[in-house]
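# Fold and contact review
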Number of protein chains: 8
Amino acid sequence: MAIKRKTREERPLVGIMMGSASDLEAVEPARTILKEFEIPFEMKVLSAHRTPDQALQYAAEAESRNLEVIIAAAGGAAHLPGVVAAKTLLPVIGIPIKSKSLNGLDSLLSIVQMPAGIPVATVAIDGAANAALLAIAIMAGKHPEFRSKLRRYRKTLEEKVLNAVV
Amino acid sequence: MAIKRKTREERPLVGIMMGSASDLEAVEPARTILKEFEIPFEMKVLSAHRTPDQALQYAAEAESRNLEVIIAAAGGAAHLPGVVAAKTLLPVIGIPIKSKSLNGLDSLLSIVQMPAGIPVATVAIDGAANAALLAIAIMAGKHPEFRSKLRRYRKTLEEKVLNAVV
Amino acid sequence: MAIKRKTREERPLVGIMMGSASDLEAVEPARTILKEFEIPFEMKVLSAHRTPDQALQYAAEAESRNLEVIIAAAGGAAHLPGVVAAKTLLPVIGIPIKSKSLNGLDSLLSIVQMPAGIPVATVAIDGAANAALLAIAIMAGKHPEFRSKLRRYRKTLEEKVLNAVV
Amino acid sequence: MAIKRKTREERPLVGIMMGSASDLEAVEPARTILKEFEIPFEMKVLSAHRTPDQALQYAAEAESRNLEVIIAAAGGAAHLPGVVAAKTLLPVIGIPIKSKSLNGLDSLLSIVQMPAGIPVATVAIDGAANAALLAIAIMAGKHPEFRSKLRRYRKTLEEKVLNAVV
Amino acid sequence: MAIKRKTREERPLVGIMMGSASDLEAVEPARTILKEFEIPFEMKVLSAHRTPDQALQYAAEAESRNLEVIIAAAGGAAHLPGVVAAKTLLPVIGIPIKSKSLNGLDSLLSIVQMPAGIPVATVAIDGAANAALLAIAIMAGKHPEFRSKLRRYRKTLEEKVLNAVV
Amino acid sequence: MAIKRKTREERPLVGIMMGSASDLEAVEPARTILKEFEIPFEMKVLSAHRTPDQALQYAAEAESRNLEVIIAAAGGAAHLPGVVAAKTLLPVIGIPIKSKSLNGLDSLLSIVQMPAGIPVATVAIDGAANAALLAIAIMAGKHPEFRSKLRRYRKTLEEKVLNAVV
Amino acid sequence: MAIKRKTREERPLVGIMMGSASDLEAVEPARTILKEFEIPFEMKVLSAHRTPDQALQYAAEAESRNLEVIIAAAGGAAHLPGVVAAKTLLPVIGIPIKSKSLNGLDSLLSIVQMPAGIPVATVAIDGAANAALLAIAIMAGKHPEFRSKLRRYRKTLEEKVLNAVV
Amino acid sequence: MAIKRKTREERPLVGIMMGSASDLEAVEPARTILKEFEIPFEMKVLSAHRTPDQALQYAAEAESRNLEVIIAAAGGAAHLPGVVAAKTLLPVIGIPIKSKSLNGLDSLLSIVQMPAGIPVATVAIDGAANAALLAIAIMAGKHPEFRSKLRRYRKTLEEKVLNAVV
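Reference entry: report on the structure contained in this document.

Procedures and definitions
Residues numbered from 1 in each chain as written. Chains lettered and ligands numbered in written order. Predicted model: local features only at pLDDT ≥ 70, side-chain atom pairs only at ≥ 80, totals over all residues. Heavy atoms only, no water. Contact = heavy atoms within 4.5 Å. Buried area = accessible area lost by both parts, 1.4 Å probe. Salt bridge = Lys/Arg side-chain N within 4 Å of Asp/Glu carboxyl O. Polar contact = N/O pair within 3.5 Å; in protein donor to acceptor, adjacent residues only side chain to side chain. Helix = DSSP H or I, 4+ residues; strand = E, 2+ residues; numbered from the N terminus. Nonpolar A, V, L, I, M, F, W, Y, C, P; charged D, E, K, R; others polar. Pairing = 2+ DSSP bridges. Right-handed = clockwise from strand over helix to strand, strands pointing away. Buried < 20%, exposed > 50% of the residue type's maximum accessible area, 1.4 Å probe, protein only. Axes fitted to C-alpha atoms, helices over the stretch in contact; angles between N-to-C directions. Left-handed = near helix turned anticlockwise from the far one by under 90°.

### A closer look at the interface of chain H and chain B
- At the interface, 16 residues of chain H touch 10 residues of chain B.
- Regarding the contact of chain H and chain B, the summed buried area is about 1100 Å², with carbon and sulfur atoms giving 71% of it.
- Three residues, H:Val45, H:Arg50 and H:Ser101, lead the burial of chain H against chain B; their summed loss comes to 42% of the area buried on that side.
- Summed over the shared surface of chain H and chain B, the result is 0 salt bridges.
- Taken together, chain H and chain B are joined by 2 residue pairs in polar contact (both at pLDDT 80 or more).
- Elements with a contribution of two residues or more to the side of chain H that touches chain B: helix H1 (24–36) and strand E2 (41–45) of chain H.
- In the side of chain H that touches chain B, the residues fall into 7 nonpolar, 6 polar and 3 charged.

Here it is in structure tokens:
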């Protein structure tokens with residue numbers, strides 16, 4: 001029996017990481033955007049603290065696996081995006097998840113305040129949709145067709161605003 | 001007399017924007033990194049509030065001028081990165097500048113908390129070096145040689161740490 | 001058939017802008033006050049990020065359309081009031097909308113911390129009622145009858161307090 | 001000997017209040033702007049806490065004295081703008097002064113978070129220049145020539161940005 | 001018919017002020033404590049912003065009416081305690097009420113950060129019970145029997161803790 | 001040889017506590033005020049953490065030693081005022097000292113956010129002068145002459161403001 | 001009748017303190033962890049403010065009672081961990097409890113910002129599970145079998161993450 | 001030539017990690033304390049972001065190298081302590097270093113807000129002395145002589161306070 005090989009189109013371009021399955025809800029809008037744009041991606045639950053080896057290995061292999069962007073979501077002492085960024089040269093986008101006590105201010109500062117040398121492209125607290133859109137804009141340098149899709153998306157946003165009735 | 005045409009190598013790939021010439025010091029480390037990486041860039045003083053038309057025009061034309069990333073630095077009510085992001089599909093990186101009274105917390109929140117639809121890739125307060133490194137990582141999708149440079153840069157960072165004596 | 005021309009009394013003096021129809025609830029108290037004071041106004045959904053051209057055009061034309069004050073409400077990276085202020089000489093009042101994660105602290109700082117040159121008259125987080133009252137106080141310089149209305153309104157406020165039973 | 005009467009042009013349109021002579025430095029940019037615009041104003045040291053009666057009396061009489069806007073600067077538990085606003089129907093602009101320990105966050109919140117009914121138009125921490133510009137924009141409703149001056153001022157701001165060399 | 005004169009025991013020693021009847025819930029624990037201690041008090045709804053004259057008059061007359069302490073509760077730009085303190089030499093206790101957007105941080109800073117010269121004895125956010133207990137401790141200097149009551153109250157607190165079962 | 005007994009006038013009414021001799025500078029304005037008012041006081045360096053037994057003993061004996069108010073200054077995790085308040089029924093005034101990293105926000109919250117049952121009368125960060133003035137206002141209930149002194153002091157404050165030239 | 005003596009195995013190694021029975025819910029995860037690890041512990045409701053003598057006595061006797069770690073949970077002006085640390089040489093772990101108004105930021109700063117000399121090992125806001133795990137890691141220096149248990153626990157955490165399906 | 005073998009007394013019990021040689025000043029007080037207590041330790045510059053492999057390897061081998069506690073200092077997005085804690089079962093103490101823009105609030109939250117499962121014992125911002133003292137208190141469970149040294153140290157602290165003259 002022939003094994004169906006993953007075609008180039010199906011190979012993931014974006015890896016979405018989160019530290020716990022409970023982060024899935026916060027990450028969902030990124031998934032929605034990537035599906036809408038028909039961009040292949042994969043999602044991984046890997047924790048900087050509970051599975052550091054696997055998280056780092058994932059980051060270290062991402063480039064050779066032809067991923068183009070990594071999105072990492074984390075809350076509280078949100079180390080995942082920074083730790084992943086330390087192990088890959090790919091652009092890493094960090095999503096600070098709203099936390100229970102400090103409402104995500106801790107997540108935001110833990111992600112954005114990276115030391116010189118290892119950047120993390122940080123989006124808003126619970127900004128998963130923008131993380132996906134930023135990933136697409138980044139990949140559009142290499143994939144011009146993504147830019148066309150972004151253009152249409154922006155047009156839709158604009159129309160939604162212009163058609164609003166108040 | 002023959003006018004020397006700008007060669008492809010000299011055309012800027014990165015546009016660095018700042019709202020005021022007084023922001024130059026905060027932006028300097030980005031310039032240093034880009035020069036070190038020999039990546040052509042341009043710097044513009046354009047304000048979201050004092051020269052809104054020119055700032056938006058610059059953003060609107062960036063793509064057709066073959067810029068690949070825009071870096072925008074701003075402090076206080078730091079609207080420049082978001083306003084620029086609204087007018088281009090290129091990835092926009094925001095640098096929150098440390099402000100006089102609130103130490104850049106205002107700049108950070110003004111830049112990072114963008115609404116769904118228009119992302120700004122935010123780096124640390126006064127994180128100009130990382131803004132440049134992130135721009136390079138983004139462009140490396142299309143320019144693989146940038147990734148090799150990044151790899152060497154990371155190696156240098158690592159060695160500097162490993163050689164530290166305390 | 002004769003087209004009924006808009007009389008001078010019906011032409012809006014105040015333009016209320018918001019970035020999304022979902023901001024309507026936060027803006028509602030401004031509408032209530034302006035109706036109570038019988039001051040003509042108009043409401044527009046226009047976003048600094050999703051419809052930047054239209055938002056700026058609205059601001060640029062406001063003076064020639066005989067608007068006297070613009071009220072702009074926004075949340076998170078709340079750029080609308082500042083961007084509008086950049087394109088008009090009319091007084092612009094900013095309403096920071098309470099945001100989901102940071103409770104409006106981000107909105108407040110994004111609106112109030114404007115750089116020297118382009119002021120935004122900022123009211124409290126979710127302070128739409130005061131935005132309207134401030135607009136009326138501003139217009140009262142030219143429309144003395146507004147001041148009389150404000151005087152009666154203040155009297156009512158005072159009586160409500162004095163009649164409270166605890 | 002004839003006493004030279006104050007001509008209409010010399011009567012102050014703007015009253016600038018501060019709680020202490022030590023606030024003068026923070027208020028200075030407002031004075032500079034108003035002088036530059038040749039708009040008559042007066043400055044008063046009056047404290048909501050140390051001279052409450054005089055501060056309130058000043059506010060109560062401002063309208064009949066033909067002032068058109070009051071600017072009040074205060075730091076820390078910055079009550080002056082709110083207390084003044086309680087006693088006048090004129091637009092009151094509050095300047096939060098940067099404070100020693102909390103850098104003006106206390107001043108800002110004390111001024112901007114006014115309850116519904118009594119607005120204070122708040123500008124940035126140490127935003128005295130913008131307080132003056134906002135006052136001028138407010139008065140321009142009645143004094144169209146102020147708008148022309150504002151237009152020229154904006155033009156200067158724009159040119160300063162456009163001429164910056166980096 | 002003889003009018004029953006208010007006996008000395010019934011004359012209020014503590015005045016509890018709040019800016020709005022809606023603050024009553026936050027103030028309730030103070031009432032409960034004062035009743036439990038059988039200390040005569042009065043409650044007034046008076047606003048620093050909506051009824052400044054009456055609020056100041058109340059403060060100015062408090063000493064001659066033989067009040068010994070004033071408790072003032074306020075939220076947001078919480079000016080009432082400071083404004084009252086400016087008009088009386090009696091000790092003024094401020095209760096910062098938890099606010100809708102900033103959870104009372106604004107109330108706390110507006111009350112506690114008073115300038116040198118006019119103190120307000122500030123208790124915790126929503127700390128009405130402690131405001132009453134502090135008032136009693138203050139009055140106990142003159143009324144030694146209050147100290148005995150406080151001693152018994154403390155004993156009860158202690159026993160409640162010691163008897164807790166976990 | 002006859003030992004000169006401490007006269008009643010010389011016995012301290014106020015105890016000023018601080019956790020370290022390095023807090024002396026922050027406490028100095030309290031000393032200045034009490035001297036100016038000729039109110040006997042004593043100063044003690046006692047730490048809630050380094051000398052807990054002595055600090056608590058001092059608090060426990062304060063009432064029997066005829067102290068009338070305790071002022072306690074502390075920075076960072078500022079436990080001294082609360083711990084002292086737990087061991088005395090006298091009014092305890094807390095001075096949050098500006099701290100090195102968090103500018104006194106930690107000190108303020110550690111002091112003011114006391115649980116129901118044990119109040120601390122909190123003044124502004126570095127508000128030692130107001131701590132002394134509050135102590136005097138508290139003692140004035142029993143010592144009417146203090147109120148006269150306070151009245152004169154307020155008059156001086158007022159005159160200083162009214163005589164300011166700007 | 002013979003009284004069953006407490007065997008060595010049953011003697012508590014960890015003392016968990018909380019200021020009020022209402023803190024039990026926040027402390028519960030610590031209890032769960034210690035039970036799961038079969039480590040004997042005791043729980044005490046003792047308040048730094050309502051039962052200071054008993055709280056300090058408990059701390060002072062902990063070492064001689066062969067406790068090895070003390071965990072203290074507190075909210076608001078959270079003095080218990082610091083006050084306990086002042087009276088024992090045992091490691092003290094502080095749990096900042098999420099507070100009603102400031103979400104535990106006050107608790108965190110009150111616990112963690114201890115002055116040099118008396119450390120408190122602080123865990124996250126509402127971080128009771130980690131307090132217990134830290135206590136176990138600390139005791140593992142003397143009890144190597146605890147380290148084996150920790151190793152198994154970590155393995156479980158890791159597997160839970162690796163088995164997550166998203 | 002005989003190589004002098006490291007005696008048991010000289011083998012380090014504490015490993016102090018910092019991300020950059022520039023953190024040395026912040027860490028210095030820990031070194032001072034450990035030297036004063038004659039406890040062998042080692043210092044390593046290893047970064048979670050610039051040398052992740054070496055940092056993790058160090059953590060992973062610490063237990064087998066007979067280290068008993070790890071102290072990790074970091075500023076900004078301070079991931080080092082958490083990342084180290086993920087790779088060892090030893091107690092890890094985190095020192096938040098005061099950062100340039102946010103004064104260490106970012107460092108503190110990044111370190112203390114660890115997710116359930118992997119604790120970091122956090123001390124105050126720039127609290128290196130307490131980190132060392134906490135390490136000693138932790139090790140004293142196995143090394144009773146450390147407790148005697150701590151007792152003497154506390155006595156010295158106490159005497160310093162009691163001998164202070166103000």
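From this point, the discussion proceeds with the structure in view.
### Quick word on the pairing of strand E2 (residues 41–45) of chain D
Residue and element names in this part refer to chain D.
- Sheet topology note: the strand E1 (residues 14–18)/E2 ladder contains 5 bridges and is parallel. Across the sheet, valine 14 pairs through a bridge with phenylalanine 41, a residue of E2.
- A crossover connection joins E1 to the parallel E2 through helix H1 (residues 24–36); in handedness this β-α-β unit is right-handed.

### Some points on the side chain of A:His49
All names here are of chain A.
- Tracing the backbone through its elements, the reader meets histidine 49 in the loop between strand E2 (41–45) and helix H2 (52–62).
- For histidine 49, a relative accessible area of 4% translates into the label buried.
- A polar atom in the side chain of histidine 49 sits 2.9 Å from the side chain of histidine 79.

### Here's the deal with the interface of chain A and chain B
- Between chain A and chain B, the residue contacts involve 38 residues of the former and 38 residues of the latter.
- Across the chain A to chain B interface the summed buried area is about 3100 Å²; carbon plus sulfur atoms make up 62%.
- Of all residues in chain A, A:Leu89, A:Pro119 and A:Arg154 give up the largest surface area on contact with chain B, accounting jointly for 22% of the area buried on that side.
- Here chain A is connected to chain B by 17 residue pairs in polar contact (both at pLDDT 80 or more).
- Broken down by secondary-structure element, the contributors of at least two residues to the side of chain A that touches chain B are helix H3 (80–86), helix H4 (105–112), strand E5 (121–122), helix H5 (128–139) and helix H6 (144–162) of chain A.
- A breakdown of the residues in the side of chain A that touches chain B according to their chemical character gives 26 nonpolar, 6 polar and 6 charged.

### With respect to the packing of helix H1 (residues 24–36) of chain F against helix H5 (residues 128–139) of chain F
Residues and elements named next belong to chain F.
- Axis separation between H1 and H5 bottoms out at 6 Å; the angle between their running directions is 40°. As for how H1 packs across H5, the hand of that crossing is right-handed. Listed contacts from H5 to Ala26, Val27, Pro29, Ala30, Ile33 and Leu34 of H1 are Ala128, Ala129, Ala132, Leu133 and Ile136.
- For the contact of H1 with H5, a count of residues per class yields 11 nonpolar, no polar and no charged.

### Considering the pattern of salt bridges
Residues and elements named next belong to chain G.
- All chains considered together, the criterion is met by 48 salt bridges over all chains.
- The partner of lysine 142 in a salt bridge is glutamate 68, and the shortest N-O contact between them spans 3.3 Å. In this pair, lysine 142 sits in the loop between helix H5 (128–139) and helix H6 (144–162) while glutamate 68 sits in the loop between helix H2 (52–62) and strand E3 (69–75), placing the two residues 74 residues apart along the sequence.

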